[in-house]
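Residues per chain, in single letters:
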Amino acid sequence: MDFGEPEHIGMLRESIRRMLERHATREMMAKWDQEDKVPRSLMQPITELGVCGMTIPEEYGGYGRDILATMVTVEELSRRSMVIGTLYLMNSCYGSMNVLASGSEEQKRRLLPRLANGELLFAYGLSEPDVGSDLASVKTRAERRGDKVVINGYKRWCSGAESADYIYALVRSGDPDARYKNLSLVLIPPTAKGVTLTHIHAMGARGLNTNDVTLDNVEIGIEDVVGGEEGWNQGWSKLAGPALEVEKLEVAAMALGIAAQAVDDAWEYSQTRSQFGKRICSHQSIRHMLADVQTKLSSARLMLYRACWLADNDMPLSVESSMAKMYVCELGLEIVLTCQKVMGAYGYARGFEMERHVRDMLLMPIIGGSTAIQKNNIANRMGLPKA
């Protein structure tokens, strides 16, 4: 059993950090957070790192599947900001992984090479005003009209929709009483006639807006039903496929990146701040807090990377992915709040990144399947009786 980090992963980390110091400095990120806008043009230097092809086979223009490298990329980008990590996810995971897992051959040939080149971004359109975890209850309707599909309804929490080329939306394509049997996934351009985006203001994840999306007689071609003609009414099986398991790791990787940067910031601050005539890192209470967060961070990283190893080796990971998502996100929140305590009032004030780490980390246990849902998944899939 080898716990050493592969050489190419170490080199990847260094490349990402150098890129961020040139194209997304801490000062730039503070400005983008204040303005609530991260430029899509940041995808260009990210693409130049060669990381957009790591979820795409060579036959479609990628470099071959490397889930660990993909999640390390998310982690390192999220050290600077989770919204930069999300920008990358919109390409390599929301886009590439879903098209590869569920798209028709025509869609793979048409979209994957452009995704590998960093040209396309996808946003999720799964939740609705009255639908969160219970996605089989979506009410947004899709009707076939010849070779066209007409969509009406509402989507909520569509993060990045204003920057995306497609909204990857779950719609009701038949009798609602059938629940799982009459759902389809569709690709909706946010610029299509009848699409209205409304910015939802939130305390965290600032820079990549989340949106309400109104769909009023939006028309797409049958070629933009995920899976093509054969994908009609097959949305649930595609949604609950392998891409969903990796999605849990994506959120965990963001949480790990935020937590890792918070630990670094608190660790450094403790050595520069002095009270009672000595640096606070010499006070036992501070030393114990920092020892705790370092230990928690190490355990979170091990759990995530093991799940990535399972994914890279095509092994079952439905339990492990839920464990990683739940554990890393909840532990990450504990880590960040402890780091904030180390910095005292400076951890609460604007102008210091710690308060942004707190705002962003509060979201991690919620998105990508809440902690409660992950606990249900773990108990159910490990065969715990319900009665």
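Structure's up top.
Residues numbered from 1 in each chain as written. Predicted model: local features only at pLDDT ≥ 70, side-chain atom pairs only at ≥ 80, totals over all residues. Heavy atoms only, no water.

J.: Sorry, what's going on with the overall build of the protein chain here?
T.: Along its length, the protein chain carries 12 helices and 9 strands. Rg of the C-alpha trace for the protein chain: 21 Å, near the compact-globule value of 21 Å for 387 residues, within the 12% margin. Principal-axis analysis of the C-alpha atoms places the extent of the protein chain at approximately 80 × 50 × 40 Å. Expressed as a percentage of the 387 residues in the protein chain, the buried residues total 55%. Look at the contacts in the protein chain between residues 6 or more apart in sequence, and 73% of them connect residues 24 or more apart. By element, 53% of the accessible surface of the protein chain is carried by carbon and sulfur atoms, the whole surface being about 17,400 Å². The positive charge centre, built from 44 side chains, and the negative charge centre, built from 49, are 5 Å apart in the protein chain. (Helix = DSSP H or I, 4+ residues; strand = E, 2+ residues; numbered from the N terminus. Rg over C-alpha atoms; globule rule 2.2 N^0.38 Å. Buried < 20%, exposed > 50% of the residue type's maximum accessible area, 1.4 Å probe, protein only. Contact = heavy atoms within 4.5 Å. Areas by Shrake-Rupley, 256 points an atom, 1.4 Å probe, with all protein chains shown as cover. Lys, Arg positive; Asp, Glu negative; His and termini not counted. Charge placed at Lys NZ, Arg CZ, Asp CG, Glu CD.)

J.: Please explain empty space enclosed by the protein as it appears in this structure.
T.: Any space left empty among the atoms is revealed by the rolling of a water-sized probe across them. Taken as a whole and judged by the stated rule, the model has 2 cavities of 30 Å³ or more. Every residue lining the second largest cavity is listed: Asp36, Lys37, Gly160, Ala161, Glu162, Ser163, Gly207, Leu208, Asn209 and Asn211. For the lining of the second largest cavity, the residue count by class is 2 nonpolar, 5 polar and 3 charged. (1 Å grid on protein atoms, 1.4 Å probe; cavity = no way out; pocket = protein on both sides within 12 Å on 5 of 7 lines; lining within 4 Å. Points joined across faces, edges and corners; volume = space filled by probe spheres on them. Nonpolar A, V, L, I, M, F, W, Y, C, P; charged D, E, K, R; others polar.)

J.: Looking at this structure, I do not really get the pairing of strand β4 (residues 166-172). What am I missing?
T.: Here is the key point about a regular strand: its side chains alternate between the two faces of the sheet. The element β4 is extensively covered by neighbouring structure, given that 7 of its 7 residues are classed as buried. Neither face of β4 is open: one carries Tyr166, Tyr168, Leu170 and Arg172, the other Ile167, Ala169 and Val171, and all of them are buried. Here β4 runs beside strand β5 (residues 183-188); their pairing, made up of 6 bridges, is antiparallel. Its bridge partner being in β5, Leu170 is matched across the sheet by Leu185. (Pairing = 2+ DSSP bridges.)

J.: Is there a simple way to think about the environment of Met29 in this case?
T.: Locating Met29 in the fold gives a position in helix α2 (residues 26-35). Residue contacts for Met29: discarding those within four places in its chain leaves Val38, Arg80, Ser81, Val83, Ile84, Arg206 and Arg356.

J.: How should unusual backbone geometry be read in this particular structure?
T.: Negative phi is the rule for most residues except glycine; trans is the rule for most peptide bonds. Positioned with a positive phi, Phe276 is a non-glycine residue whose angle comes to about 55 degrees. Looking at the element boundaries, Phe276 is found in the loop between β8 (274-275) and β9 (278-279). Positive phi is not limited to glycine here, since Asp314 has a value of about 50 degrees. For Asp314, a relative accessible area of 65% corresponds to the exposed category.

J.: Please clarify how the packing of helix α1 (residues 7-23) against helix α4 (residues 67-80) should be interpreted in this entry.
T.: Helix packing for two helices is described by the angle between their axes and how far apart those axes are. Where α1 meets α4, the axes come as close as 10 Å, and the angle between the chain directions of the two elements is 30 degrees. In terms of orientation, α1 lies roughly parallel with respect to α4. Relative to α4, α1 is oriented so that their crossing is right-handed. Along the contact surface, α1 presents His8, Ile9, Leu12, Arg13, Ile16, Arg17, Met19, Leu20 and Glu21, while α4 presents Leu68, Ala69, Val72, Thr73, Glu75, Glu76, Leu77, Arg79 and Arg80. Taken together, the residues of the contact of α1 with α4 break down into 9 nonpolar, 2 polar and 7 charged. (Axes fitted to C-alpha atoms, helices over the stretch in contact; angles between N-to-C directions. Parallel < 35°, antiparallel > 145°, perpendicular 65-115°, else oblique. Left-handed = near helix turned anticlockwise from the far one by under 90°.)

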